[in-house]
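Each chain is listed here by its residues.
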Amino acid sequence: MTTNGAPHLNEANGLKNTIYTVAMDPNSATAQSFINVKDNDFLDYTSPTLQGWGYAVLGGVVKGRKTAMKIARVPAGFRGLLPTAVPLENVVIERATLLNK
């Protein structure tokens, strides 16, 4: 997901990077968020240090979980100067809805 703005400060609040949660990387999420398609406890906040900041969970996929898994099957690789693998074709989420609990 594109946020297109200034980097967000780390907002990790103890929410866990479990399957179907949506998260962003710490202190530099200017353009992308991601959907966890498996439990990723190694991304969880553990302490207010550089090593423990974790990835901030912003929300989760409630409907469309099959679509999330379909997105996960898009071939990924390294492009440009990005240090991690990214989808090799653009993935566009055309609609997301904020749900209140």
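All values reported here derive from a predicted model rather than from experimental measurement.

**Examining the pairing of strand 1 (residues 21-24)**
- Residues Thr21 and Ala23 line one face of strand 1 and the alternating positions Val22 and Met24 line the opposite face, and both faces are buried.
- Alignment of strand 1 against strand 2 (residues 34-35), held across 2 bridges, turns out to be antiparallel. Bridge assignment links Val22 to a residue of strand 2, and that residue is Ile35.

**Re the sheet that holds strand 3 (residues 56-60)**
- With antiparallel pairing, 3 strands are arranged side by side in an open sheet as 2-1-3. Every other strand in the sheet has two partners, leaving strand 2 and strand 3 as the edge strands with one partner each.

**Some details on the layout of surface pockets**
- Taken as a whole, the second largest pocket spans an internal volume of roughly 950 Å³.
- The wall of the second largest pocket is formed by 28 residues, among which Gly60, Val61, Lys63, Ala96 and Thr97 lie closest to the centre.
- Elements with a minimum of two residues in the lining of the second largest pocket: strand 1, strand 3 and helix 1 (65-72).
- Looking at the lining of the second largest pocket, the element that brings in the most residues is helix 1, giving 4 residues.
- Of the residues assigned to the lining of the second largest pocket, the class counts are 15 nonpolar, 9 polar and 4 charged.

What counts, and at which threshold
- Residues numbered from 1 in each chain as written.
- Predicted model: local features only at pLDDT ≥ 70, side-chain atom pairs only at ≥ 80, totals over all residues.
- Heavy atoms only, no water.
- Buried < 20%, exposed > 50% of the residue type's maximum accessible area, 1.4 Å probe, protein only.
- Helix = DSSP H or I, 4+ residues; strand = E, 2+ residues; numbered from the N terminus.
- Pairing = 2+ DSSP bridges.
- 1 Å grid on protein atoms, 1.4 Å probe; cavity = no way out; pocket = protein on both sides within 12 Å on 5 of 7 lines; lining within 4 Å.
- Points joined across faces, edges and corners; volume = space filled by probe spheres on them.
- Nonpolar A, V, L, I, M, F, W, Y, C, P; charged D, E, K, R; others polar.

Function-wise, these values are silent; they only describe arrangement.
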